[in-house]
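Spelled out from the first residue to the last, the chains are:
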Amino acid sequence: IRWSGARLAAAGAVADLGTVRLALAPRGTGLGGTLTNEGGDVRIDGTIAYTAPTLGIEATLAPGPDTPPTIARLIAMAGTPDSAGRVRIAWRGNVR
């Protein structure tokens, strides 16, 4: 799945995510794959796993070299940034 011109709005700011790619393949009784992007204000590198009804996402978000300060602050609010400003997020929940 490819999403060109992806954007995310949060806390009154809009982050350009560039082109987001989700590559899925069968894994056991579910699906699994990678979540990445090219370009934009935020770098995304993660994995996704789905086994009905549970969806899990683990990803690292990082500011790019030209990321506006407001967007870099939003990334930092998502978790504890490491020395490079990267934040690791994880979400798991049931979907219908």
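Structural data are supplied above this passage.
About the thresholds
Residues numbered from 1 in each chain as written. Predicted model: local features only at pLDDT ≥ 70, side-chain atom pairs only at ≥ 80, totals over all residues. Heavy atoms only, no water. Helix = DSSP H or I, 4+ residues; strand = E, 2+ residues; numbered from the N terminus. Contact = heavy atoms within 4.5 Å. Areas by Shrake-Rupley, 256 points an atom, 1.4 Å probe, with all protein chains shown as cover. Lys, Arg positive; Asp, Glu negative; His and termini not counted. Charge placed at Lys NZ, Arg CZ, Asp CG, Glu CD. Buried < 20%, exposed > 50% of the residue type's maximum accessible area, 1.4 Å probe, protein only. Salt bridge = Lys/Arg side-chain N within 4 Å of Asp/Glu carboxyl O.

Caption draft 1: Spatial organisation of the overall build of the protein. Along the backbone of the protein there are one helix and six strands. From first element to last, N terminus to C terminus, the protein shows the α and β order β-β-β-β-β-α-β. With the C-alpha coordinates aligned to their principal axes, the bounding extent of the protein is approximately 40 × 25 × 25 Å. Across the protein, contacts joining residues at least 24 apart in sequence account for 31% of those joining residues at least 6 apart. As displayed, the protein has an accessible area near 6,200 Å², and 57% of this comes from carbon and sulfur atoms. If you average the places of the 10 positive and of the 7 negative side-chain charges in the protein, the two averages end up 7 Å apart.

Caption draft 2: Quick look at the side chain of Asp 41. The topology assignment puts Asp 41 in the loop between strand E3 (30-38) and strand E4 (42-51). Of the side chains with opposite charge, Arg 43 lies nearest to the buried Asp 41, which makes no salt bridge, at 7.2 Å. Residues contacting Asp 41, with those up to four places away along its chain left out, are Val 14, Ala 15, Asp 16, Ala 62, Pro 63, Gly 64, Thr 67, Pro 68 and Ile 71.

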